[in-house]
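Descriptive analysis of the structure
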Amino acid sequence: MSETAKEFILNQTVIPQLRIISATVSLPFYVEGLGFSVDWKHQFEPGFPLFIQLTRKDQVIFLTEHTGDCQGGGAIYFIVPNVDNCYGEFTGRGITTIEAPQDTPWGTREMVVTDPDGNRLRFVTH
């Protein structure tokens, strides 16, 4: 991959959004397990679905309980400085990976975890 392509990927300004069924179940996975922090939550009225912004090391994602926002089973590609450090951090907090860190033929090192809603989270070091 060229340096220009790497710069484009690292400077991308998109916030991925994942569908969750229950914030009560999903938030502990993201906060306690993966180390995200909750920036804010939005709910039109008590008992209505939640929309949540999370951040982990300057990487922002949205989680939504709203059925019309997106479908479950999404995926996010997180570029991280050291995927092996993430693996140690996550497994130390009880997270089970579905793919442990491994080198790929295209020159990255990657691992995959799945959240409680079936969304795939791939952590990658170039």
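Attention in this report is confined to the structure presented alongside it. (Residues numbered from 1 in each chain as written. Predicted model: local features only at pLDDT ≥ 70, side-chain atom pairs only at ≥ 80, totals over all residues. Heavy atoms only, no water.)

A few words now on helix α2 (residues 23–33). The set of residues buried in α2 consists of Ala23, Ser26, Leu27, Phe29, Tyr30 and Gly33. Gly35, located one to two residues past α2, shows a positive phi value of around 85°. (Buried < 20%, exposed > 50% of the residue type's maximum accessible area, 1.4 Å probe, protein only. Helix = DSSP H or I, 4+ residues; strand = E, 2+ residues; numbered from the N terminus.)

This brings us to the sheet that holds strand β2 (residues 37–42). Ordered in space as β1-β4-β3-β2, the four strands form an open sheet in which the pairing is mixed. Looking at the sheet topology across the chains shown, the edges are occupied by β1 (17–19) and β2. This sheet shows a mean twist of 25° between the axes of neighbouring strands, independent of strand direction. Where β2 lies against strand β3 (residues 51–56), five bridges are found, and the strand directions are antiparallel. Looking at β3, one finds that Trp40 is bridged to Gln53. (Pairing = 2+ DSSP bridges. Axes fitted to C-alpha atoms, helices over the stretch in contact; angles between N-to-C directions.)

In this section: helix α3 (residues 83–92). Of the residues making up α3, those classed as buried are Val83, Cys86 and Phe90. Projected down its long axis, α3 carries its buried residues within an arc of 50°, all on one side. Facing away from the buried side of α3, by more than 90 degrees, are the exposed residues Asn85 and Gly92. Of the surrounding secondary structure, the elements contacted by the buried residues of α3 are α2, β3, β6 (97–103), β7 (109–114) and β8 (120–125). You can read the cap of α3 off the contacts: a side-chain oxygen lies 2.9 Å from the backbone nitrogen of Asp84, and it is on Asn82. Phi turns positive one or two residues past the end of α3, at Gly94, with a value near 90°. (Arc of directions from axis to C-beta. Contact = heavy atoms within 4.5 Å. Polar contact = N/O pair within 3.5 Å; in protein donor to acceptor, adjacent residues only side chain to side chain.)

A separate point is the packing of aromatic side chains. All told, the structure shown has eight aromatic pairs when counted by the stated rule. Aromatic pair Phe29 and Tyr30: ring centres 5.2 Å apart, planes at 85°, arrangement edge-to-face. Like Tyr30, Phe29 is buried. Cluster of aromatic residues (ring-pair linked, three or more members): Phe29, Tyr30, Phe36, Phe78, Phe90 and Phe123. (Phe/Tyr/Trp six-rings, centres within 6.5 Å; stacked < 30°, edge-to-face > 60°.)

On to the sheet that holds β8. Judged by pairing direction, the sheet is mixed, and its four strands sit side by side in the order β5-β8-β7-β6 without closing on themselves. Each edge of the open sheet carries a strand with a single partner, namely β5 (75–79) and β6. Between one strand axis and the next, the sheet turns by 15° as a mean value, whatever way the strands run. In the sheet, β7 pairs with β8 via six bridges, with the strands oriented antiparallel. By the bridge assignment for β8, Met111 is matched with Phe123. Sheet strands in contact with α3 are β6, β7 and β8, and its direction is about 30° off that of β7.

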